[in-house]
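# Structure at a glance
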Amino acid sequence: MDETIYPQGSTALLCVDPYNDFLAEDGKMWPALSEVSKAVDLHANLIKIRAAVREAGHPIFILPHHRHRAGDFEGWAHLTPFQAAAHDHQMFAEGSRGGDWYEGFGPDHGDIVVKEHWGASSFANTDLDVQLRQRGITHVIFIGAIANTCTEASARYAAELGYHVTLVRDATAALSPDALHAAHEINGPTYAHAILTTAEVVGKLRSRA
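The notes below deal with the structure included here.

Conventions adopted
Residues numbered from 1 in each chain as written. Predicted model: local features only at pLDDT ≥ 70, side-chain atom pairs only at ≥ 80, totals over all residues. Heavy atoms only, no water. Helix = DSSP H or I, 4+ residues; strand = E, 2+ residues; numbered from the N terminus. Contact = heavy atoms within 4.5 Å. Buried < 20%, exposed > 50% of the residue type's maximum accessible area, 1.4 Å probe, protein only. Arc of directions from axis to C-beta. Salt bridge = Lys/Arg side-chain N within 4 Å of Asp/Glu carboxyl O. Pairing = 2+ DSSP bridges. Disulfide = S-S within 2.5 Å. Core = buried A, V, L, I, M, F, W, Y, C linked by side-chain atoms within 4.5 Å.

### Quick look at the environment of Asp2
Tracing the backbone through its elements, the reader meets Asp2 in the segment before strand E1 (11-16). Once residues lying within four places of it in the same chain are set aside, the contact partners of Asp2 are His193, Ala194, Leu196 and Lys204.

Encoded structure:
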């Protein structure tokens, strides 16, 4: 039985990359993410957990990936494979539909949008840590995509910085069932304090609301 609690005033939901290119049917990455997304009922679970967080009075932080523009990486010496591929395909391109928030998942009700991350981690070279600490946040719940890239890198970084980290198994997606399994069954247990389902998180949030 997981004994995690989400203290009032120091818990936040962190939503990674809620862009059309990941979540919309015409998004550039949807064909690759759709199998796992449908299998875990991603969209419905994202709605449920966001609603429960708002009901409990916890803040929501949106952790956006860099919106690509032509020439972004000119002069860069060491692009990661993911950065190079994202740039080639102009993922989340600035001014494009793919770079817009998926309907209902953008900032609302005073949500905090942190600076865009250039790599996988939403902490590296952004204001996320200071934004959390200034608001007294100690417990962070991660949702969004992709489970074994940006979400995992951000959650690992959070653990290194001393936050209590929750991963939500069915409020994220990956490019394959094996990748999702690796994120939650192999890698996650090495750093995350809790790895729960949406129903489990919602139950805990409502019991404390």
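Having seen the model, we can carry on.
### Re helix H7 (residues 177-187)
When H7 is considered as a whole, its buried residues turn out to be Ala179, Leu180, Ala183 and His184. Buried positions in H7, seen along its axis, are confined to an arc of 115° and lie on one side of it. Exposed residues pointing more than 90 degrees away from the buried face of H7 are listed as Asp178 and Ile186. Buried-residue contacts for H7 involve helix H2 (30-40), helix H6 (147-160), strand E5 (164-173) and strand E6 (194-196).

### Observations concerning the pattern of salt bridges
For the coordinates displayed, the defined rule picks out nine salt bridges. Here Arg156 ties to Glu152 by a salt bridge, and the two come within 3.1 Å at their closest N and O atoms. Taken as a pair, Arg156 and Glu152 lie in helix H6 at a separation of four residues, close to a single helical turn. The partly exposed category is assigned to Arg156, whose relative accessible area is 33%. With a closest N to O distance of 2.3 Å, Glu185 and Arg169 form a salt bridge. Taken as a pair, Glu185 in helix H7 and Arg169 in strand E5 lie far apart in primary sequence, 16 residues in all. Here Arg169 falls in the partly exposed class, since its relative accessible area comes to 27%. Each of Arg69, Asp72 and Glu94 takes part in one network of salt bridges that share partners.

### Focus: unusual backbone geometry
Both trends apply: most residues other than glycine have a negative phi, and most peptide bonds are in trans. Ala145 connects to Ile146 through a cis peptide bond whose omega is 0°. Counting through the fold element by element, Ile146 comes out in the loop between strand E4 (139-145) and H6. Of note in this structure, Asp41 is not a glycine but carries a positive phi near 60°. If you trace the backbone, Asp41 turns up in the loop between H2 and helix H3 (42-56). Even without being glycine, Asn125 reaches a positive phi, approximately 65°. Locating Asn125 in the fold gives a position in the loop between strand E3 (112-113) and helix H5 (128-134). Residue classification places Asn125 among the exposed residues on the basis of a relative accessible area of 74%.

### Structural notes on the pairing of strand E2 (residues 60-63)
Side chains of E2 alternate between two faces, with Ile60 and Ile62 and Phe61 and Leu63 buried alike. In terms of strand pairing, E1 meets E2 through four bridges, oriented parallel. Following the sheet pairing, Cys15 is matched in E2 by Ile62.

### What to know about the environment of Ala192
Secondary-structure assignment places Ala192 in the loop between H7 and E6. Distance in space between the C-alpha atoms of Ala192 and Ala159 is 7.0 Å, their sequence separation being 33 residues. The contact partners of Ala192, leaving out residues within four places of it in the chain, are Val165 and Leu167.

### Considerations on the state of the cysteines
The bond known as a disulfide is covalent and runs between the sulfur atoms of two cysteines. Inspection of the entire model under this criterion finds zero disulfides. Sulfur of Cys15: no disulfide; nearest cysteine sulfur belongs to Cys150 and is 12 Å away. Residue classification places Cys15 among the buried positions, given a relative accessible area of 2%.

### Remarks on the nonpolar core
Proteins that are soluble and globular tend to have nonpolar side chains buried together. Residues Phe22, Ile141, Ile143, Val201 and Leu205 are the most contacted members of the largest nonpolar core, which totals 38 residues. When residues of this core are assigned to their parent elements, the largest contribution, six residues, is made by H3. Once residues lying within four places of it in the same chain are set aside, the contact partners of Ile143 are Leu13, Leu14, Cys15, Val16, Leu46, Ile49, Arg50, Val168 and Ala171. Grouped together as the second largest cluster of nonpolar side chains are 22 residues, Ala12, Leu128, Phe142 and Ala158 included.

Without other data, these values stay purely geometric and don't point to any function.
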